[in-house]
Amino acid sequence: MSKVKFLWWGTALAILIVMACGPNTIFLRQGLDTPAHHVANGQALIDRKKFIDACREFERARELDPYYTDAYIGLGLSYAGSGDYPKGLEMMRLAEAMADNDQERENVQQGYERLKRFKP
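Heads up: these notes are all about the structure in this document. The structure displayed is predicted, hence computed values, not measured ones. (Residues numbered from 1 in each chain as written. Predicted model: local features only at pLDDT ≥ 70, side-chain atom pairs only at ≥ 80, totals over all residues. Heavy atoms only, no water.)

1. Looking at the packing of aromatic side chains
The cut-off we apply is this: Working definition: a ring pair exists when centres of Phe, Tyr or Trp rings (six-membered ring for Trp) sit within 6.5 Å. Plane angles under 30 degrees give stacked, over 60 give edge-to-face, the rest tilted. Counting from the N terminus, the helices are the DSSP runs of H or I reaching at least four residues and the strands are the DSSP runs of E reaching at least two.
The final tally for this structure, using the stated rule, is 1 aromatic pair. Judged by centre distance (5.6 Å) and plane angle (90 degrees), the ring pair of Phe51 and Phe118 falls under edge-to-face. Remark: Phe118 occurs in the segment after helix H6 (102–115) and Phe51 occurs in helix H3 (residues 51–64); sequence separation between them is 67 residues.

Pasting the structure below:
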């Protein structure tokens with residue numbers, strides 16, 4: 001009986017070792033680390049007046065895509081909301097310069113309208 005127990009525990013241990021050496025099961029889901037997702041999170045944080053956290057989300061969106069206009073709009077609103085209006089205005093001007101199409105230009109204009117709320 002002891003040989004059977006030893007064989008069973010040995011097999012279970014071998015299986016656990018093989019499973020432990022397998023691929024990492026913790027991974028980022030696709031779609032969560034995208035510029036659009038970070039911008040959406042940042043907008044929700046701005047609405048809750050958590051400007052520093054929002055700024056972090058927009059910075060991540062900008063890291064993922066340096067030409068993502070909505071990231072710069074969000075950065076402008078975050079900086080202005082946290083009290084640095086000139087830097088916020090600078091970010092909005094960068095967004096305006098990068099806007100390629102009508103939708104992006106419209107988003108920039110809406111951003112300017114929202115930015116006015118933070119003007120000192």
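2. Comments concerning the environment of Gly76
The condition that has to hold: Only protein chains enter the accessibility calculation, which uses a 1.4 Å probe. A residue is then buried if its area is under 20% of the maximum for its type, exposed if over 50%, and partly exposed in between. Contact definition: two residues touch when any of their heavy atoms are within 4.5 Å.
Following the sequence through the fold, Gly76 ends up in helix H4 (residues 69–81). Gly76 gets classed as buried once you look at its relative accessible area, which sits at 0%. It is 6.9 Å that separates the C-alpha atoms of Gly76 and Lys87, two residues lying 11 residues apart in sequence. Those residues within four positions of Gly76 in sequence are excluded, and the remaining contacts are Gly88, Met91, Met92 and Leu115.

3. Observations regarding the pattern of salt bridges
Any two side chains of opposite charge can pair, on the condition that their charged atoms come close. Rules: A pairing counts as a salt bridge when a side-chain nitrogen of Lys or Arg comes within 4 Å of a carboxyl oxygen of Asp or Glu.
In this structure the tally under the stated criterion is 7 salt bridges. Measuring nitrogen to oxygen at the nearest pair gives 3.3 Å for the salt bridge that ties Arg105 to Asp102. On the criterion of helical spacing, the pair formed by Arg105 and Asp102 is a turn pair, its members being 3 residues apart in helix H6. Given a relative accessible area of 39%, Arg105 falls into the partly exposed group. Residues Lys116 and Glu113 are paired through a salt bridge, measuring 3.4 Å at the closest nitrogen-oxygen approach. By relative accessible area, Glu113 is classed as partly exposed at 47%. One salt-bridge network, held together by shared partners, links Asp33, Arg60 and Glu63.

4. Examining the nonpolar core
To keep it simple, the criterion reads: By convention a nonpolar core is built from buried Ala, Val, Leu, Ile, Met, Phe, Trp, Tyr and Cys residues, the set being connected through side-chain atoms within 4.5 Å.
Ranked by size, the top nonpolar core spans 25 residues in total, and within it Ile46, Phe58, Ile73, Leu75, Val108, Tyr112 and Leu115 carry the most contacts. Taken together, the elements giving at least two residues each to this core come down to helix H2 (35–47), H3, H4, helix H5 (85–98) and H6. Top contributing element to this core by residue count: H4, with 7 residues. Discounting residues that sit within four places of it in the chain, Val108 has contacts with Thr69, Ile73, Met92, Ala95, Glu96 and Ala99.

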